[in-house]
Structure formats: C-alpha cells, structure tokens
Amino acid sequence: MTRSLRNALLATELPGIQRPAYDRAKVTPGIVHIGPGAFHRAHQAVYVDDLLAQDPRWGITGISLRSPDVAEALTPQAGLYTLLLTGEETRARIIGSIAGVIVTRSAQAQAIQRLAAPETGLITLTITEKGYCLDEVGALDTEHADIRHDATHPHQPRSAIGYLVAGLAARRAQGLAPPAILSCDNLPENGARLRGAVLQLASLTDPDLARWIEGEVCFPGSMVDSITPATSPALREQVRTQFGLEDSWPIQREPFTAWVIEDMPRAALPDFASVGATITSDVAAYATAKLRLLNGAHSALAYYGAALGETTVAGAMRNARVERYVTTLLRDELAPAVKAPPGLDLAEYCATILQRFGNPAIEYTLVQIGSDGSQKIPIRLLATLNDNLAAGRPIAGIAAALAGWIIFVRQFAKAGRALPDPSAAHLAALANAATGRGDEDARLFMEHSGLFAPELAAHSGLRDAIAQAYDELIKTTEKTAGRRIGQDAA
Ligand code: CS2
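Since we're looking at a predicted model, the values are computed, not measured.

1. Focus: the pattern of salt bridges
Move 1: Under the defined criterion, the tally for this structure stands at 20 salt bridges.
Move 2: The salt bridge partner of glutamate 129 is arginine 380, with a shortest N-O separation of 3.7 Å. Here glutamate 129 is found in the loop between β8 (122–125) and α5 (145–152), whereas its partner arginine 380 is found in helix α15 (residues 373–391), with 251 residues between them in sequence.
Move 3: Classification of glutamate 129 by relative accessible area gives buried; the value is 8%.
Move 4: Here arginine 331 makes a salt bridge to aspartate 332, at a shortest N to O gap of 2.8 Å.
Move 5: Taking relative accessible area as the criterion, arginine 331 reaches 53% and is therefore assigned exposed.

Structural data, given as structure tokens:
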C-alpha cells in the first residue's frame, strides 16, 4: 500500500521515516526563497526543517521565477516532500519546512508582496550562476535582456535581481527595516556580487532606493555543499516501493552536507549554527576552496568523462583513466592554487571529494554537471588556470577539461541537440565551424567562445596543451561518446 503526502499522514505511524519534529500548524512564514529547485529542497530546507523544531518563525515560502512545476507538485502535498539520503544505506525523511510556492508567471504581485511582507526576515536564493545576470567581471550585465526589461519596468520584473529590487522598494515604502538577503549559489563572493547587482539595478531606476539598500540591507556571503542530482523516475519508484509513499517530486542527495555563512550580526539571521551551519567571518576562504576544488573537479570530470563515453559521475570514477585524471588534477593543479581556510586540511578535503564522487548510490549525470559551462568554467577552472600560469604550476589537467568541454559542445551540435547553456546559440555556431583538429579548434574556442580574457585567449602554451589533450581524447570520443551524449541529452 502506498500513501500520499498530506499533513494528516504526519500523525500516523511511519516506520523508518523521519518526519518534522514540530507542529506545522504553528509555523509562520519568515523566509522567502527564490528558486526552490532540488538543491534548495535538499539543503537549506532541511536545515530549516531542523530549526523549526525550536523556532517556528522561519517557515519557507518558495518563489518560482520560471516554471510552475514545483508549485504543481508540492501544492497538493501541502508543501511536503520526501528526501532520500543515499550512501551505504538509504534513509528517508519527510521535510515540512516549505509552506507554499508562488509562481511569478501567474502571481507576480503576490510574489513581490511576500518579499516585502513585514514577517519576511530573510530572503534566500538558489537561482544558479546564470540567474544573477552578471558579466565576465561579476558586475550586473546591463545588456542582459531581462535586466534591460527590469530597468524600464521595475514593478513588473523578470529577473531575480528585479524581484529583489521590487520587493525592497515595497518594503521601504512601508517604513520597515529590510530583510537580510542570502545567496546560496556556487559563485565566488556570492554575497558581494548579489549586493552589487541589486544596487546597480536599483540605481538605474531609483537612486534613493539604491542608497537605502546600500545603508540598510545585509547580503552575507555563503558556501553551500551537498551533492544533489536531479530527480529521476527511478527515485519516485524507490520512494514508492521502499517507503510506501506516493510523492510527485521526491529529492535525493548524499548524506554529506555543509553550509558556511558569513558572520554579519546586523543581518539577524535565524540560528542556523544550532542546526549545523558554520558561521564565520572568513566565508570567502571556504567558498573559494569548495568552488575551485569540488565544483572545479566536478566540471572537469564531467567534460573529461563524457569525452571518454561515460555518462554518470560514479560510473566515470570507476573508469581508471578518469579516476587517475581527477585525482591528479586535484592534487597537482586545483589544490596548490587554494589557500586553506583555518582548520581545513586540503589533502583530506580532496580525498573526501573523490570518495563523494565515487558514491555509487548517487546517479548524477555528466550532462547535468556539464550544463551551463559558459557560466561555470570561468569561475570553477579558469581562475585556477590563471593562478597556475602565473605561478609556473602545471596546467595540463585543466587544459584537458577545456578540451573535453569543446568536445562536449561539438557532440551536442553533431547530435542536433540544444546545448544546455545560456550561450548555446553562439557555441553551436562555433561547434559547427570546428574541424576536429586540436590546434584549430582550441584556437577557435579560445578566441571566440567569450570565456577567455584576451591575454588567456592568446596564450600559446595553453593552446598547445588544449590541442594535445583534444587530439588524444577525441580518439576515444569518436568510438563511444557521440552516441551516448546524443542519447543522454534526449
Ligand atoms: C555540480 C554542483 O551540477 C553541478 O555543477 O558541480 O551542483 C555540486 O553537486 C554541488 O555544488 C555540490 O555541493
């Protein structure tokens, strides 16, 4: 027998399933989260689920900027969903911290009202790199179509930045102190970049508002970490058969989780430290270490592994050539460019990353990680590449990841499939002009993809290293990967 997720279910026997340790009826909404995708529901919403047991003021209202899918799945379930923690054993938990989800497409005014509501003490975001609409130096891209729109229609925004500005304007109009705003995305200096983007957009429409935001609103930085693949049909089936729950959108993640938040007392955040988050003044060191080591290695593994015909992270880690590649990359190229935050042993951290990638219970597709490469590669790999070139350290592994990326882009073009990337059209045009020769294709992508700053684009040592890896990888790709990527992207 399977049972549907409803509030009433929480009062029944649920053997082997952890459930909210608080009365959901007593929870009030204190957090508004923009982008309630899988990562948010596997990470922050779980910390909040723990927090609500001691402080019911922090229920979450989600805001979906694009698709109604999350709202359609969660509304009939009263916001409840199942989280499976999958490692050596699988543990199930029902999460109750999300009270509701607003879809801006059909309820724009309601979304702005909720952002501005007096009880909203914290706004959080997981909108992925591209959601910030930043340019290559990390400032707001004022040429971005959504930002141009929001600069002229501040009350009908399209971008997350536009919603924040509209919400803050409405809050200020009520004469109330603002909420804190916390980015939970894998961006370097995520708090500072978000603050810069919000100030820049506000100054285009209302300089007084921009001054108020500058003086009043706290944007703490953060580091978030937990490997959370997209939900597959097999996961729904597992939740049904193993735990007897009918859930339209369960979530799965590894047991490991970490959240480091910048210590900013004026932000008056909920007591996240009491539920396992680390509060520190040195968040940048943790965030850089995580972004450059875990995310850098993830992206490199995705492109290198896909070029060799692999389709998932754990599968790729079972391929001795890929495993050797990632291990060496972490040890010789990524870790030496990272300054360890106090108390973090880099060698141990890298060993844990390799172990986490190898978790066979997590089905994370390389295509999912390889998506949005134009956004991810500069911050995950090129920053380290620049440091290594300047310090005379090796670059062959990063060059191989870049070669893998070019092959990845070409495989999508060859299969006639849309590359999952905001620069898809431009990259597809390059892919169609590529010849399959390392020296030519390395030059083409370095000079024209838009990822490489002029000095890097003209670096002949880098070009040679990419070309060499490309010619080497493509031999295997031609045998296997084209077919597989074509299927994977279907
Ligand atoms: C991954 C991340 O999809 C990706 O690009 O690298 O989502 C990664 O799993 C998380 O940042 C882990 O904390």
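2. Here we look at the site of the ligand
Move 1: Within the structure, the ligand sits among 13 residues, and Asp225, Lys290, His298, Tyr364 and Lys376 are positioned closest to it.
Move 2: The contact in question runs from an oxygen atom of the ligand to an N or O atom on the side chain of asparagine 186, over 3.0 Å.
Move 3: In the environment of the ligand, an oxygen atom lies 2.8 Å from a nitrogen or oxygen atom belonging to the side chain of tyrosine 364.
Move 4: If you list the elements that add at least two residues to the shell around the ligand, you get β10 (222–225), α10 (283–307) and α15.
Move 5: When residues in the shell around the ligand are grouped by element, the largest group, 4 residues, is from α10.

3. Points about the pairing of β10
Move 1: With burial as the criterion, each face of β10 is covered, one bearing Ser222 and Val224 and the other bearing Met223 and Asp225.
Move 2: In this structure, β10 lies alongside strand β13 (residues 258–262), joined through 4 bridges in antiparallel fashion. Counted as the bridge partner of aspartate 225 is alanine 258 from β13.

4. Observations concerning the sheet that holds β13
The strands that make up a sheet are held in pairs by hydrogen bonds between backbone atoms, and each pair lies either parallel or antiparallel.
Move 1: Spatially, β10-β13-β14 is the arrangement adopted by the 3 strands of the open sheet, whose pairing is mixed. In the strand order of this sheet, the two ends are held by β10 and β14 (278–280), each with one partner. This sheet shows a mean twist of 15° between the axes of neighbouring strands, independent of strand direction.
Move 2: Pairing of β13 with β14 involves 3 bridges; the strand directions are parallel. The partner of valine 260 across the bridge, within β14, is threonine 278.

5. As for the nonpolar core
Move 1: Core analysis: the largest hydrophobic core is formed by 74 residues, its most contacted members being Leu293 and Leu462.
Move 2: Tallying contributions element by element places helix α16 (residues 396–414) first for this core, with 12 residues.
Move 3: Sequence-distant contacts of leucine 462, that is, excluding residues within four places in its chain, are made with Leu385, Ile395, Ala399, Leu402, Met446, Phe452 and Leu456.
Move 4: Judged by nonpolar contacts, the second largest core, of 40 residues, contains Ala107, Ala197, Leu201 and Ile379.

6. Remarks on the packing of helix α6 (residues 160–173) against helix α8 (residues 207–216)
Move 1: Remark: α6 packs on α8, axes separated minimally by 11 Å, with the N-to-C direction vectors making an angle of 85°. One element, α6, and the other, α8, form an angle in the roughly perpendicular class. Mapping the contact onto sequence places Val165, Leu168, Ala169 and Arg172 in α6 and Asp208, Leu209, Trp212 and Ile213 in α8.
Move 2: Its residues placed into classes, the contact of α6 with α8 shows 6 nonpolar, no polar and 2 charged.

7. Looking at the pairing of β8
Move 1: Neither face of β8 is exposed, since Leu122 and Thr124 on one face and Ile123 and Leu125 on the opposite face are all buried.
Move 2: Across 4 bridges, β8 lies against strand β9 (residues 180–183) in parallel orientation. What sits directly across from leucine 125, in β9, is serine 183.

8. A few points about helix α12 (residues 320–334)
Move 1: For α12, spanning 15 residues, the distance from its first C-alpha to its last is 20 Å, which sits close to the expected 21 Å at 1.5 Å a residue.
Move 2: Along α12, the residues that are buried comprise Val322, Tyr325, Val326, Leu329, Leu330, Glu333 and Leu334.
Move 3: Each element contacted by the buried residues of α12 is listed here: α10, α11 (313–317), α13 (346–357), α15 and α16.
Move 4: By the N-cap criterion, in which a side-chain oxygen at the helix start approaches the backbone nitrogen of a residue two or three places on, α12 is capped by asparagine 319, the distance to arginine 321 being 3.0 Å.

9. A word on the sheet that holds β8
Move 1: One open sheet accounts for 5 strands, arranged β7-β4-β3-β8-β9; its pairing is parallel. Of all strands in the sheet, those with a lone pairing partner are β7 (98–103) and β9, marking the two edges. Geometrically, the sheet is characterised by an average inter-axis angle of 20° between neighbouring strands, direction not taken into account.
Move 2: Relative to strand β4 (residues 59–64), strand β3 (residues 29–34) is paired through 5 bridges, and the arrangement is parallel. Looking at β4, one finds that isoleucine 34 is bridged to isoleucine 63.
Move 3: Packed onto the sheet, helix α2 (residues 44–51) meets β3, β4, β7 and β8 and runs at close to 175° relative to β3.
Move 4: Against the sheet, helix α4 (residues 108–116) engages β3, β4, β7 and β8, with an angle of about 125° to β3.

10. Brief notes about the packing of aromatic side chains
Move 1: For the structure shown, the criterion picks out 6 aromatic pairs.
Move 2: Ring geometry for tyrosine 303 against phenylalanine 408: centres 5.2 Å apart, planes inclined by 75°, an arrangement best described as edge-to-face. With tyrosine 303 in helix α10 and phenylalanine 408 in helix α16, this pair connects stretches of sequence that are 105 residues apart. For the pair tyrosine 303 and phenylalanine 408, one class covers both residues: buried.
Move 3: Between the aromatic rings of phenylalanine 408 and phenylalanine 412, the centroid separation amounts to 5.1 Å while the plane-to-plane angle is 55°, which identifies the pairing as tilted. Of this pair, phenylalanine 408 and phenylalanine 412 both sit in helix α16, 4 residues apart, which is roughly one turn of that helix.
Move 4: Taking relative accessible area as the criterion, phenylalanine 408 reaches 1% and is therefore assigned buried.
Move 5: A residue is classified by how much of its surface remains accessible, and phenylalanine 412, at 2% relative accessible area, is buried.
Move 6: A network of ring pairs unites the aromatic residues Tyr47, Trp259 and Phe272 as a single cluster.

11. Thoughts on α16
Side chains of residues three or four places apart in an α-helix project in the same direction, reflecting 3.6 residues per turn.
Move 1: Along its 19 residues, α16 runs 26 Å from first to last C-alpha, staying within 8% of the 27 Å computed at 1.5 Å per residue.
Move 2: Across the 19 residues that make up α16, a large majority, 16, are buried.
Move 3: Two residues or fewer past α16, glycine 416 is found with a positive phi of approximately 70°.

Rules used in this analysis
- Residues numbered from 1 in each chain as written.
- Predicted model: local features only at pLDDT ≥ 70, side-chain atom pairs only at ≥ 80, totals over all residues.
- Heavy atoms only, no water.
- Salt bridge = Lys/Arg side-chain N within 4 Å of Asp/Glu carboxyl O.
- Helix = DSSP H or I, 4+ residues; strand = E, 2+ residues; numbered from the N terminus.
- Buried < 20%, exposed > 50% of the residue type's maximum accessible area, 1.4 Å probe, protein only.
- Near = heavy atom within 4 Å.
- Polar contact = N/O pair within 3.5 Å; in protein donor to acceptor, adjacent residues only side chain to side chain.
- Pairing = 2+ DSSP bridges.
- Axes fitted to C-alpha atoms, helices over the stretch in contact; angles between N-to-C directions.
- Core = buried A, V, L, I, M, F, W, Y, C linked by side-chain atoms within 4.5 Å.
- Contact = heavy atoms within 4.5 Å.
- Parallel < 35°, antiparallel > 145°, perpendicular 65-115°, else oblique.
- Nonpolar A, V, L, I, M, F, W, Y, C, P; charged D, E, K, R; others polar.
- Expected span 1.5 Å × (residues − 1).
- Phe/Tyr/Trp six-rings, centres within 6.5 Å; stacked < 30°, edge-to-face > 60°.

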